[in-house]
Structures are given as structure tokens and as C-alpha cells.
Amino acid sequence: METTPSGSDISEINERIKEQSAFIDLIMMEVNKSIIGQKKMLERLLLALLGNGHILLEGVPGLAKTLAINSLAKAIKADFNRIQFTPDLLPSDVIGTQIYNMQKGEFAIKHGPIFANFVLADEINRAPAKVQSALLEAMQERQVTIGDTTYPLPEPFMVLATQNPVEQEGTYPLPEAQSDRFMLKTVISYPKLEEERLIMRQNLQGNAEPIKAVVDTQTILNARQQVKEVYMDEKIEKYILDIIFATRNPEEYRLSSLKPLINFGASPRGSIGLANTARVYAFIKHRGYVIPEDVRAVAHDVLRHRIGITYEAEAENVTSEDIINQILDKVEVP
């Protein structure tokens, strides 16, 4: 049975985490040289990176999704590759292939763009299922099989996929099993008027400062270990489980009206993801313990793609967002 740390232990953890997480501000300051606003998107990218997960970004074109990811890779001195997903893309275009060498009379391996720390899968829903499943092995197993040989992917490794919610012609919607592999799904909205004024000015003047590497990949790998020290109380654990179970059995949480609207609830991957992300959120806020607000802050990003809605919900224009809002309003906060 795990012993609960005393108040002095928690304040000690808090001081240590405050010190260890200082590099987060450096990364944010550096990335903000090229990205104006979009604080939530940058935070979510860091959550996925430090939580050793992948992120799905949904938003109309032109909201600086690619620029944000590229800027983050530069600030961390990490390798970055972008793959434009199209209907004619093949798995070998992503993972690599065997090429026959005429002189040597043998096959040589040519690695694909998946071999990088940051892989941007642009418009992931444009590629057919074969390509998506090739990406799945890389995301889940952190390895790629070409021919008979399996190759480990570099560490840290993160897939950042984007999809356009507007244009649905010629797209292949992500199967539930695959979207569940994404730790977070973040919906990006338009910038505010003042932010857009600054974006417009910066682009017209063309005077954006170049982004310098402020940390290296080892700092990220160390931070992933440090996140595990963030204290999570049993009450918070129960709160997380209550939220997840309310997506499966809403009637047990005085939410009977949701029963006909939910096709399926969040899987155990949802509870692991919510606990892990809440912990990382506390870390990037320079805190050594998780509070209920951390869980609430990340709940939508962790759960919006893990709750299946019924035809009835669609007919009533109820989204998974609305369902999460009702659950957070109803489930008792510790």
C-alpha cells in the first residue's frame, strides 16, 4: 500500500519540480517569437511531448499549426519531418523501404521521414487506411518494421497529426482505434483581433526573430522522468475515475439523460491519459502536486475523441464536448 507523503514532503517535491520545470518558460518565450497567441496550442504540444504521447490538432488551415510544431522542434534542437498525407501515399513513403543495390547485389534500407523526433502528419485523414496503420505501429510500438528488420525510432518521438474539420471530400475518417492512440485531441480556434493585428504586422514587416535552441532532447527525456515525481492524491485518482466511469455509465452519476447520447465511453487508455496529462499540466505550471483544476483543464483534450456519440446525439446537435461539460458539472469535485 502506498504511503501518503507528509506536508513537508509535498513542499519538498514542489520546490524540486519548480526548479526542474523552469526550462518550460524558456521554450515558451522562444516559440512565441514566431507564434503570436495560440497559448493553449503550445501548452498542449508540451503536454503531449512531456507525457510521451501524440497529439491530434484540428483546425481550419492557416492557424500556424505547422509553424508551431516547427518552432518547437527548433527550440528543443530536435529533428523535424513533415509528411503531407495524400490519397496516393503508400506506407513505404512514411516508414521507408528496401532498395536493391545493383553493384553490391543486395538490398539496402532507405529510412522514411518517420525517423525523426517530431513527425508532422499533415492532414492525416487524407491518407488511406494502409498508411494510417503503418503510422500506428510507429506510434504505439515506437518502432518500424522494414522487410524482416525492426528499427527503433529516435527518442523523444512524437507524432503531431493535423486534420481539417471543414473539408470532408476525399477524406478517410480516423478509425476509433487509431484516434484513441492520440493522447490529446486539441481543437484550435481563430486568434483574437489584437493578436491577428500583430500577426499581420509581423508578416508584412518580415522581421520575426530566428528561433534558437534553448534546450536539448535530453532535457525533455529527463523531464519525463521528473513528471513521475509529481504527487497525485487518492482523491484526485478517484475524481479521474469518476469522470471516466460517467462516460460509460452516466446513470450512476445522476446523468441518465446522457445514456441515449453516448455510443461508447472512454477506454482505460482514457483514464491513464487523463491522469498522465493532469500530472504533466501540474509540472508545466511549476507545481509538484495535482489539483482538481488540472484535471478539468485537460479533460476536454483527453476525452473529446474517446467518447462515441449516437445518431440521436447527432440529430440533437449534441457533441462529445457537450457531454464532457455535463459530466464535469455533475461529478463531485474533491
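On a predicted model such as this, the values are computed, not experimentally measured, just so you know.

Engineer: I'd like to hear about the packing of aromatic side chains, residue by residue, with values.
Structural biologist: Inspection of every chain in the model, using the stated rule, returns three aromatic pairs. With a centroid separation of 6.4 Å and 55° between ring planes, the pair formed by Phe23 and Phe283 is classed as tilted. Of this pair, Phe23 sits in helix H2 (residues 23-31) while Phe283 sits in helix H11 (residues 268-284), and the two are 260 residues apart along the sequence. Here Phe23 falls in the buried class, since its relative accessible area comes to 8%. On the numbers, 5.2 Å between centres and 65° between planes, the contact of Tyr100 with Phe107 is edge-to-face. Between Arg248 and the ring centre of Phe245, over which it is positioned, the NZ or CZ distance is 4.7 Å. Positioned above the aromatic ring of Tyr289, the side-chain terminus of Arg287 is 5.7 Å from the ring centre.

Engineer: So, the nonpolar core: which residues are in play, and what are the values?
Structural biologist: Core analysis: the largest hydrophobic core is formed by 76 residues, its most contacted members being Leu45 and Phe283. Counting residues per element, this core draws most heavily on helix H3 (residues 39-50), at eight residues. Sequence-distant contacts of Phe283, that is, excluding residues within four places in its chain, are made with Ile17, Gln20, Ser21, Phe23, Ile24, Leu50, Ala223, Gln226, Val227 and Val230. The next biggest cluster of nonpolar side chains, apart from the first, holds 27 residues, and it includes Leu56, Ile83, Val94 and Ala127.

Engineer: Explain the sheet that holds strand S9 (residues 184-187) to me, using residue names and the numbers behind them.
Structural biologist: Reading across from one edge, S2-S5-S8-S1-S9 is the order of the five strands in this open sheet, with parallel pairing throughout. Every other strand in the sheet has two partners, leaving strand S2 (80-84) and S9 as the edge strands with one partner each. Strand-to-strand twist in this sheet, taken as the mean axis angle between neighbours without regard to direction, amounts to 20°. One ladder, built from four bridges, connects strand S1 (residues 55-58) with strand S8 (residues 158-163); its direction is parallel. Bridging across to S8, Glu58 finds its partner in Gln163. Against the sheet, H3 engages S1, strand S5 (118-122), S8 and S9, with an angle of about 170° to S9.

Engineer: Give me the lowdown on the confidence of the model for the chain, citing residues and values where you can.
Structural biologist: Averaged over every residue, the pLDDT of the chain is 86; residues scoring 70 or more account for 95%. Within the chain, the lowest mean pLDDT, 76, falls on helix H7 (residues 176-179), and the highest, 94, falls on helix H12 (residues 292-303).

Engineer: How would you explain the pairing of strand S4 (residues 106-111) if you had to name every residue and give the values?
Structural biologist: Direction of pairing for strand S3 (residues 96-101) relative to S4: antiparallel, over a ladder of six bridges. Its bridge partner being in S4, Thr97 is matched across the sheet by Lys110. The hairpin formed by S3 and S4 contains four residues between the paired strands, and Gly105 there has a positive phi angle of roughly 65°.

Engineer: Which residues make up the packing of H2 against H3, and what values go with them?
Structural biologist: When two helices pack together, their arrangement is captured by the angle between the axes and the distance separating the axes. Direction vectors running N to C along H2 and H3 enclose 135°, while the axes themselves pass 11 Å from each other. The orientation of H2 with respect to H3, classified from their angle, is oblique. Note that H2 runs across H3; the crossing there is right-handed. Only Lys39, Leu42, Glu43, Leu46 and Leu50 of H3 make contact with H2, whose side of the interface consists of Phe23, Ile24, Ile27, Met28 and Val31. Of the residues belonging to the contact of H2 with H3, the class tally is eight nonpolar, no polar and two charged.

Engineer: Kindly report on the side chain of Arg304, identifying the contributing residues and their values.
Structural biologist: Note that Arg304 resides in the loop between H12 and strand S11 (308-309). You can call Arg304 buried: its relative accessible area is 9%. Here Lys185 takes part through its backbone oxygen, which lies 2.5 Å from a polar atom of the side chain of Arg304. For Arg304, the side chain forms a polar contact with the side chain of Asp301, separated by 3.4 Å. Every residue in contact with Arg304, bar those within four places of it in the chain, is listed here: Lys40, Lys185, Thr186, Val187, Ser320, Glu321 and Ile324.

Engineer: Outline the side chain of Gln226, supporting the account with residue identities and numerical values.
Structural biologist: Tracing the chain through its elements places Gln226 in helix H9 (residues 217-227). Apart from the residues within four sequence positions on either side, Gln226 is in contact with Ile17, Gln20 and Phe283.

Engineer: Give me helix H6 (residues 129-141): which residues, what numbers.
Structural biologist: Taking 1.5 Å per residue as the helical rise, H6 with its 13 residues ought to reach 18 Å, and the 18 Å between its terminal C-alpha atoms agrees with that figure. Along H6, the residues classified as buried are Val131, Gln132, Ala134, Leu135, Leu136, Ala138 and Met139. Considering only its buried residues, H6 is in contact with helix H5 (91-95), S5, strand S6 (143-146), S8 and H7. Arg142, located one to two residues past H6, shows a positive phi value of around 60°.

Engineer: Go over the packing of H3 against H11, please, and point to the residues and values.
Structural biologist: Close contact between H3 and H11 brings their axes to 9 Å; oriented N to C, the two are set at 115°. The crossing of H3 and H11 is right-handed. Along its contact with H3, which presents Glu43, Arg44, Leu46, Leu47 and Leu50, the element H11 presents Thr277, Val280, Tyr281, Phe283 and Ile284. Class assignment of the residues belonging to the contact of H3 with H11 gives a composition of seven nonpolar, one polar and two charged.

About the criteria used
- Residues numbered from 1 in each chain as written.
- Predicted model: local features only at pLDDT ≥ 70, side-chain atom pairs only at ≥ 80, totals over all residues.
- Heavy atoms only, no water.
- Phe/Tyr/Trp six-rings, centres within 6.5 Å; stacked < 30°, edge-to-face > 60°.
- Helix = DSSP H or I, 4+ residues; strand = E, 2+ residues; numbered from the N terminus.
- Buried < 20%, exposed > 50% of the residue type's maximum accessible area, 1.4 Å probe, protein only.
- Lys NZ or Arg CZ within 6 Å of the ring centre and 35° of its normal.
- Core = buried A, V, L, I, M, F, W, Y, C linked by side-chain atoms within 4.5 Å.
- Contact = heavy atoms within 4.5 Å.
- Pairing = 2+ DSSP bridges.
- Axes fitted to C-alpha atoms, helices over the stretch in contact; angles between N-to-C directions.
- pLDDT = per-residue confidence, 0-100.
- Parallel < 35°, antiparallel > 145°, perpendicular 65-115°, else oblique.
- Left-handed = near helix turned anticlockwise from the far one by under 90°.
- Nonpolar A, V, L, I, M, F, W, Y, C, P; charged D, E, K, R; others polar.
- Polar contact = N/O pair within 3.5 Å; in protein donor to acceptor, adjacent residues only side chain to side chain.
- Expected span 1.5 Å × (residues − 1).

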